[in-house]
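A look at the structure
Listed below are the residues making up each chain.
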Amino acid sequence: MMIQFLRNNKLFLTTVVLTTLLSVVYFGFVASDVYISESRFVVRTPDRQNFSTLGMIIKGMTGFSRSQDDSYTVQDFILSRDALNSLENVLLIKKAFSNPDIDRVSRFAGLDLDNSHENFHRYYKRMVDVDLDPISSISTLTTRAFNAEDAYNMNMHLLELGEKLVNQLNERGRQDMIRFALQEVRDAENQAKEASIALARYRDEKEVIDPEKQSAIPLQLISKLQEEFIATQTQVQQLEKVATTNPQLEVLRQRAKFLKKQIQQESQRVVGNSGTSLASKTVEYERLLLEKDFSDKMVASAMNTLEQARNEAHRKQLYLERIVHPNKPDVAMEPKRLRAIAAVFALSLMVWGILSMLVAGIREHQD
């Protein structure tokens, strides 16, 4: 009866029985064993916040927080052609995946015979997978190969490449930050040097050290001369009242004139309208002195910024922390042969059912 059913149902024989038998032959006797190596890592940095439960646990134990954006960077790099080229140079994985001992369906360039690098990159992305958990920011790196040693070595080498990439990002960010701060220090030092030279040149040309301090002595002298002038004038006025013929009167008058002239000369030296007075030199001197003080403060500020940049560069370093180290598998995890055969059988039944309904519909329409 079963034979009669199969004869009358060639479609079932073709789509279900034959397909299932082929899957039994392939998965049962032909498909090569696939070994899987798995590791887990997290990219973290000391200054970024994390509010997930697992992230808080990791931060509490280590003092660091996750860096999800940089985890995506590592993920993209692991799946990139650069990582593939490094694996090829070190482990010769193209030769390993093209081994004739691997079944033709599973090995590289087995069915399509396309041996190009682009096709190998597509094949590589089927053998390597990086899954990032957005909640904990833990990345799971899975590598597949046809022997345990290759799977383990690929996983280990990709982790090392990820750590190297993180170190390069650290170094580049640190250099950029410090280079900018160093340039600010150099510019501030050059400005301070120019301000000091300008002030020194002005002192040489005007023969002045500090107009404000230098004017103190002439002002004291003027004060003393004024006191003497007032005393002399008082004596002259007294003698003019009581002894107009006193011979000292003329002497005192001449002394008063001399003192008045001295006062005018000293005052002219301090606050005169000529360019040689100390007052006229004070404006330019104070401007140059202000520029020098400002430049010195800029140097101090730039040095402080440089120190902060160095501390910030160190504080913002990234770390790739291995949570689970790569394992060396002792048994093949794929293919899951019975599951694959059952899946083929179920899928072929679905196809047979759909085709049967289509055929029945066509026949009914023809009738």
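Look a little higher up for the structure.
To keep things clear, this report deals only with the structure shown in the data block. Because the structure is predicted, anything quoted here is derived from the model rather than measured.

Thoughts on the nonpolar core
Counting residues in each nonpolar core, the largest one holds 34 residues, and the members touching the most others are Ile78, Phe97, Tyr124 and Leu158. Only strand E1 (35-45), helix H4 (68-78), helix H5 (81-91), helix H6 (93-97), helix H7 (117-127), strand E3 (128-132), strand E4 (138-145) and helix H8 (148-206) provide two or more residues apiece to this core. Counting residues per element, this core draws most heavily on H8, which supplies 8 residues. Beyond its immediate sequence surroundings of up to four residues, Leu158 is in contact with Ile78, Ala83, Leu87, Tyr124, Val128, Leu141 and Thr143. In terms of nonpolar packing, the next biggest core, distinct from the first, is built from 9 residues, Ala181, Ala188, Ala192 and Leu306 among them.

Examining the packing of H5 against H7
Contact geometry of H5 with H7 gives a least axis separation of 11 Å together with a crossing angle of 95°. Relative to H7, the element H5 is oriented roughly perpendicular. Of H7, the residues touching H5 (which contributes Arg81, Ala83, Leu84, Asn85, Leu87 and Glu88) are His117, Glu118, Phe120, His121 and Tyr124. Within the contact of H5 with H7, the residues separate by chemical class into 5 nonpolar, 3 polar and 3 charged.

Details of the pattern of salt bridges
Counted by the stated rule, this structure contains 8 salt bridges. Across the pair Arg81 and Glu118 runs a salt bridge whose closest N-O atoms are separated by 2.6 Å. Residue Arg81 is found in helix H5, and its partner Glu118 is found in helix H7; the two are separated by 37 residues along the sequence. Judged by relative accessible area, Arg81 falls into the partly exposed class, the value being 37%. Between Arg322 and Glu163 there is a salt bridge; the shortest N-O distance is 2.9 Å. Within this pair, whereas Arg322 is found in strand E5 (residues 319-324), its partner Glu163 is found in helix H8, the two being separated by 159 residues in sequence. On the accessibility criterion, Glu163 (24% relative accessible area) is partly exposed.

Rules used throughout
- Residues numbered from 1 in each chain as written.
- Predicted model: local features only at pLDDT ≥ 70, side-chain atom pairs only at ≥ 80, totals over all residues.
- Heavy atoms only, no water.
- Core = buried A, V, L, I, M, F, W, Y, C linked by side-chain atoms within 4.5 Å.
- Buried < 20%, exposed > 50% of the residue type's maximum accessible area, 1.4 Å probe, protein only.
- Helix = DSSP H or I, 4+ residues; strand = E, 2+ residues; numbered from the N terminus.
- Contact = heavy atoms within 4.5 Å.
- Axes fitted to C-alpha atoms, helices over the stretch in contact; angles between N-to-C directions.
- Parallel < 35°, antiparallel > 145°, perpendicular 65-115°, else oblique.
- Nonpolar A, V, L, I, M, F, W, Y, C, P; charged D, E, K, R; others polar.
- Salt bridge = Lys/Arg side-chain N within 4 Å of Asp/Glu carboxyl O.

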